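Coordinates in review
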Amino acid sequence: MDALSVEPDEVTETATLFNDLGAESIDFLDIIFRLEKAFGVKISQDELTQNDIITNPAYQENRKLNAAGLKALKERIRDGDWATFEKDPSIDKIQSVFTVGTIVNFIEQKLAAK
Amino acid sequence: MRWIWFDRFEEFESGTRAVAVKNVTLAEDHLHDHFPGFPVMPASLLIEGMAQTAGILVGEARRFREKVILAKVQRAVFHELVRPGQQVRFEARIEQLHQAGAVTRGTIHCGTTLVGEVDLVFSHIDQNLGGREFPEENFVFTEEFLALLTTYRQRGTERIRL
């Protein structure tokens, strides 16, 4: 909430960080720092943004994800909002997929692995 | 005018905290416009002074291998005005340091008066933005900035002969 200056009732599980809550790419870094502090876990940005997939040459053409890349990403990111990204799977726009639920799932997995 | 918003480091504990001071003077042109007849150091430049103090602290923590860019002002609260003739003291602490960046907490004092509180997020830009590439050379930490640290380290151990 503080990172994006939004009201508590706006933060629903299906709200997308970018379109609904107005996040910018740099807010991800802020969110990561706040989550680490709140939950006592270590998070790398690469892990959250699935850097291993989006930088894998086999999964992309002209900085857009191909079908295989999209499939790999969908298996990894839960509760994502795919409608916009599927129309234009540019790697620079991957963060549009993230919802509040995606972050919650991610943290649950991190805490379970702890 | 040079874009350096503090005059010298007073304290520097690698990876932990730094204190820098700036003397505010009417020789600074902008104070005559901000505001005519009522010169006040702009809050935005107080944030910049903190960003430079904290940014060098964060950069030095990784031996200036990273390009440290101010990503976000998490919080900036100001309690008092800063006027010419006053000395501003920026104290920055690293709260979190990470492969991708850092969070710092900072206070700004004039004498014993708390003037402002500024918390910042820095990005190590080579580690972010999905593998986008930036120039090899570290354009953030120019010699002008590093000289501030060199001067601090030399003070008391080496005197410059006039």
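Above this text is the structure in question.
Residues numbered from 1 in each chain as written. Chains lettered and ligands numbered in written order. Predicted model: local features only at pLDDT ≥ 70, side-chain atom pairs only at ≥ 80, totals over all residues.

1. Considering the overall build of chain B
Condition: Going along the chain from the N terminus, every DSSP run of H or I of four or more residues is numbered as a helix, and every run of E of two or more is numbered as a strand. Based on C-alpha atoms, the radius of gyration is set beside the globule rule, defined as 2.2 Å times the residue count to the power 0.38.
Along the backbone of chain B there are two helices and six strands. Relative to its length of 162 residues, chain B is compact, with a C-alpha radius of gyration of 16 Å against a globular reference of 15 Å. Its C-alpha atoms give chain B principal-axis dimensions of about 50 × 40 × 30 Å.

2. Focus on the interface of chain B and chain A
Defined as follows: In this description, any two residues whose backbone-derived C-beta atoms lie within 7 Å of each other are considered to be in contact. Residues are grouped as follows: Ala, Val, Leu, Ile, Met, Phe, Trp, Tyr, Cys and Pro are nonpolar; Asp, Glu, Lys and Arg are charged; every other residue, Gly included, is polar.
In this complex, chain B contributes 13 residues to the contact, which on the side of chain A involves twelve residues. Only strand E3 (68-78), strand E5 (101-110) and strand E6 (113-124) of chain B provide two or more residues apiece to the side of chain B that touches chain A. Counting residues per element, the side of chain B that touches chain A draws most heavily on E3 of chain B, at three residues. Among the residues forming the side of chain B that touches chain A, the class breakdown is four nonpolar, eight polar and one charged.

3. Re the pairing of strand E1 (residues 8-13) of chain B
All names here are of chain B. Put simply, the rule is: A pair of strands is labelled paired if DSSP reports no fewer than 2 bridges between them.
Relative to strand E2 (residues 17-23), E1 is paired through five bridges, and the arrangement is antiparallel. Residue pairing for E2: Arg8 is matched across the bridge by Val21. Connecting E1 to the next strand, E2, in antiparallel fashion are three residues, including Gly15 with a positive phi near 75°.

4. Looking at the sheet that holds E2 of chain B
All names here are of chain B. Inclusion rule: Lines fitted to C-alpha atoms define the axes, with helix axes restricted to the stretch in contact, and inter-axis angles between N-to-C directions lie between 0 and 180 degrees.
Sheet architecture is open: six strands sit in the order E1-E2-E4-E5-E6-E3, paired in antiparallel fashion. Only two strands of the sheet have a single neighbouring strand rather than two, namely E1 and E3. Within the sheet, the average angular offset between the axes of one strand and its neighbour, ignoring direction, is 20°. Examined bridge by bridge, strand E4 (residues 87-97) and E5 share nine bridges and lie antiparallel to one another. If you follow Glu91 over to E5, its bridge partner there is Thr107.

5. Thoughts on the nonpolar core
Defined as follows: For this entry, the nonpolar core is defined as buried Ala, Val, Leu, Ile, Met, Phe, Trp, Tyr and Cys residues connected by C-beta atoms within 7 Å. With C-beta atoms placed from the backbone, a residue counts as buried when 20 or more other C-beta atoms lie within 10 Å of its own, as exposed when 12 or fewer do, and as partly exposed for counts between those limits.
Counting residues in each nonpolar core, the largest one holds 40 residues, and the members touching the most others are Met50, Phe90, Leu120 and Phe122 of chain B. Secondary structure elements with two or more residues in this core: helix H1 (25-39) of chain A together with E2, helix H1 (43-61), E3, E4, E5 and E6 of chain B. Tallying contributions element by element places H1 of chain B first for this core, with eight residues. In this structure Leu120 of chain B touches Met50, Ala51, Ala54, Leu70, Val73, Gln74, Thr104 and Gly106 of chain B, once residues within four positions along its chain are discounted.

6. What to know about the environment of Phe64 of chain B
Residue and element names in this part refer to chain B. As for its position among the elements, Phe64 is in the loop between H1 and E3. Taking C-alpha positions, Phe64 is 8.1 Å from Asn138, a pair spaced 74 residues apart along the chain. Among all residues touching Phe64, those that are not within four sequence positions of it are Gly59, Asn138 and Phe141.

7. Re the pairing of E4 of chain B
Here is the key point about a regular strand: its side chains alternate between the two faces of the sheet. All names here are of chain B. Note that E2 and E4 share seven bridges and pair antiparallel. Of the residues in E4, the one forming a bridge with Ala18 is Ala92. Adjacent in sequence and paired antiparallel, E4 and E5 are bridged by three residues.

8. Describing unusual backbone geometry
Residues His34 of chain B and Phe35 of chain B are joined by a peptide bond in cis, for which omega reads 0°. The topology assignment puts Phe35 of chain B in the loop between E2 and H1. In this model, Arg63 of chain A sits at a positive phi of 60°, which is unusual for a non-glycine residue. Structurally, Arg63 of chain A is set in the loop between strand E1 (60-61) and strand E2 (64-65). According to the C-beta neighbour criterion, Arg63 of chain A is partly exposed, with 14 such atoms within 10 Å.

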